[in-house]
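Chains, contacts and geometry: an overview
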Amino acid sequence: MFWDMAIYMVGLGLVVGLVFPPFALLLGVPEAIAHRPSFRSACLLAGFLVGAMNYALCRGVVGGRMEVLGGHLRAATSSITSATETGDWSEAVFERITIDSNDQIGEAGRAFNSLLGAVEGRQELENRLRYQAYHDMLTGLPNRARFMDELAEADRLRQESGMQSAVLFLDVDNLKAVNDSLGHEGGDILIRMLGERMTGVVRDTDTVARLSGDEFAILLVGPGSPHQAERVALRIIDSLRAPVQINGHLARTGLSIGLATSEACAASGIDMLRAADLAMYRAKTGGKGRLEVFQPSHHTAMLQRDAVRAELSGALDAGQLQLHYQPIVDIPTQRVIGFEALLRWRHPERGLVSPLEFIPLAEENGLIVPIGRWVLQEAIRQAAEWQNRSPLGRLRMSVNVSVRQFQHPDLVHDVADALARSGLEPSLLTLEITESLFAQDIEATSRKIGLLKDLGVRLALDDFGTGYSSLSYLRRFPIDTLKIDKSFIDGVATSLEGHALVAAITQLGQNLHLEVVAEGLEDGDQLQALRALDCPLGQGYHFSRPLSAGDAVKLMLIGKKPAAAAGIPVPV
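Residues numbered from 1 in each chain as written. Predicted model: local features only at pLDDT ≥ 70, side-chain atom pairs only at ≥ 80, totals over all residues. Heavy atoms only, no water.

In this section: helix α9 (residues 272–285). Taking 1.5 Å per residue, 14 residues should reach 20 Å; α9 reaches 20 Å between its end C-alpha atoms and fits that length. Its side-chain oxygen at 3.2 Å from the backbone nitrogen of L273, D271 defines the N-terminal cap of α9. Just past α9, the residue G287 takes up positive phi, approximately 135 degrees. (Helix = DSSP H or I, 4+ residues; strand = E, 2+ residues; numbered from the N terminus. Expected span 1.5 Å × (residues − 1). Polar contact = N/O pair within 3.5 Å; in protein donor to acceptor, adjacent residues only side chain to side chain.)

Quick look at the structure:
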């Protein structure tokens with residue numbers, strides 16, 4: 001552009017110098033002088049010099065303004081390129097041009113400033129998207145993606161410098177109960193409150209993240225992190241021992257926490273988050289609301305659970321599942337009035353696998369539904385067969401129904417189909433449910449219980465007093481039987497408190513016209529105490545351990561005598 005300007009301005013000066021001699025005559029210059037070659041040369045030189053000076057002046061003024069505009073453009077281009085490559089717009093700086101004219105350069109400056117405004121708007125959008133990608137929208141805490149980045153950095157520091165770190169994995173206890181009673185808004189308030197409490201007890205250098213709906217994690221890096229993590233966990237647990245207030249309502253909740261250290265995980269070959277998750281699982285299954293520190297044995301137990309879970313999927317089809325039957329006895333006469341069907345797994349290599357080991361796994365992966373369907377069919381079939389062989393008269397059959405099985409839409413059909421196939425009178429079937437079921441959808445639970453009662457079956461409330469006990473449940477739902485949990489029976493003959501609790505539950509059952517069964521009855525002292533309290537029915541090792549179907553028939557033939565006294569071999 002400036003070369004063009006130089007040619008035009010110098011050329012114009014030369015043209016002016018060329019035409020000036022004739023024009024000089026009009027200005028009174030003598031003709032002899034105006035026609036001299038030297039005069040013409042002087043005019044051409046003057047025209048050239050004027051054109052050159054005009055060019056230099058324009059270049060200095062216009063070029064300076066263009067240089068300012070170009071500098072801003074180069075700086076903006078460099079910032080945009082760098083931010084685009086790194087994805088980090090936090091260091092991008094854009095300086096606007098001061099507009100001091102309305103000419104074309106001023107217009108260019110205004111256009112540049114508008115462009116910067118648009119770029120900064122894209123920068124704000126980029127920052128917003130980046131924040132959303134790495135933060136939880138409900139609590140504002142870092143999310144799983146951000147936490148995993150921080151965890152990777154902590155692992156790098158451990159490998160390079162031996163820097164210690166620790167992870168807390170926190171799972172909210174009973175969040176579903178809060179959602180059911182106070183709505184999801186109440187649950188959201190609880191989650192935000194927990195996030196604030198966690199943030200309030202950690203250091204500025206620690207990372208608190210929300211991983212999913214009811215799961216949080218805390219990463220602590222630096223010397224002494226394992227001890228600091230334990231103190232943090234205990235402070236959080238203590239802060240939740242008292243009920244919390246949500247929208248004017250009191251709600252009781254807690255956190256099950258697993259702690260894993262970089263040192264323990266490096267020795268076990270497992271990442272810290274997975275290790276802390278395993279420890280949290282142990283904390284939750286061990287009673288909730290507590291801290292568990294990861295040990296290498298937890299990893300071994302996890303591998304064993306994974307192996308059991310894989311083998312369990314084929315156990316039903318392979319015919320490895322069996323039912324054993326524990327008698328339910330009339331306490332005054334010690335006469336067997338029925339049995340409870342209990343599931344057993346006879347593994348081809350490991351022998352009998354404890355139900356405490358495989359039933360929770362079946363609950364986790366959904367296998368409890370087909371397994372529970374088989375248990376219903378087999379127990380009802382066996383009960384129908386016994387009606388024709390037992391000298392004890394009409395024998396009842398009790399079958400446990402898990403929460404997940406109860407919630408399955410086919411449950412009522414499965415019960416009706418098994419009754420129809422076997423021909424068993426429905427009133428001889430008792431379905432045992434737990435109080436935890438009432439922490440679910442109350443309306444759906446009520447409808448399904450009504451459908452089951454329409455079939456004519458009986459309902460028992462298992463482990464009464466250990467879950468969400470409420471007299472309103474007993475009034476609202478057509479329960480037939482209360483089963484007093486073994487933990488209460490253990491103290492009925494040795495503790496005033498235990499005796500009083502069993503007496504209260506027994507009296508409650510009598511007042512509400514409910515049948516009462518004492519579970520876990522193990523010795524004669526307990527039997528005498530229950531007899532004195534007029535508890536009508538009992539079940540436990542004092543009478544018999546769970547029996548195979550064949551041994552159960554032998555017990556029926558014996559009648560009143562307990563299995564242990566009759567010499568019947570009883571499996572553990």
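Moving on to the pairing of strand β9 (residues 335–347). Two faces make up the sheet, and in a regular strand the side chains alternate between them. Of all 13 residues in β9, 11 are buried, a share of seventy percent or more. For strand β8 (residues 321–330) and β9, the ladder comprises 10 bridges, and the chain directions are antiparallel. Bridge pairing in β9 links L323 to L343. Between β8 and β9, which pair antiparallel one after the other, the connecting turn spans four residues, and Q334 there sits at a positive phi close to 60 degrees. (Buried < 20%, exposed > 50% of the residue type's maximum accessible area, 1.4 Å probe, protein only. Pairing = 2+ DSSP bridges.)

Moving on, we get to the sheet that holds strand β6 (residues 254–261). Working definition: the strands of a sheet are paired by backbone hydrogen bonds and lie parallel or antiparallel to each other. What the five strands build is an open sheet, ordered β2-β3-β1-β6-β7; its pairing is mixed. Either end of the sheet is taken by a strand with one partner, and the two such strands are β2 (207–212) and β7 (291–293). With direction set aside, neighbouring strand axes in the sheet form an average angle of 20 degrees. As defined by bridge partners, β6 adjoins β7 across three bridges and the pair is classed as parallel. Looking across to β7, one finds that L259 is bridged to V293. (Axes fitted to C-alpha atoms, helices over the stretch in contact; angles between N-to-C directions.)

Okay, the packing of aromatic side chains next. As enumerated under the stated definition, the model contains three aromatic pairs in all. Ring geometry for W345 against F358: centres 5.6 Å apart, planes inclined by 85 degrees, an arrangement best described as edge-to-face. Of this pair, W345 sits in strand β9 while F358 sits in helix α11 (residues 355–365); the two residues are 13 residues apart in sequence, bridging distant segments of the chain. Exposure remark for W345: the relative accessible area of 0% places this residue in the buried category. Counting every residue linked through ring pairs, the aromatic cluster contains Y325, F339 and W386. Stacked on the ring of F406, the Lys or Arg K448 has its end atom at 5.7 Å from the ring centre. (Phe/Tyr/Trp six-rings, centres within 6.5 Å; stacked < 30°, edge-to-face > 60°. Lys NZ or Arg CZ within 6 Å of the ring centre and 35° of its normal.)

Moving on: the pattern of salt bridges. Per the stated rule, a full pass over the model turns up 25 salt bridges. Close ionic contact of D155 with R158 constitutes a salt bridge, the shortest N to O distance being 3.2 Å. Here D155 and its partner R158 are both found in helix α5 (residues 144–161), three residues apart, which amounts to about one turn of the helix. Judged by relative accessible area, D155 falls into the partly exposed class, the value being 33%. A residue is classified by how much of its surface remains accessible, and R158, at 28% relative accessible area, is partly exposed. (Salt bridge = Lys/Arg side-chain N within 4 Å of Asp/Glu carboxyl O.)

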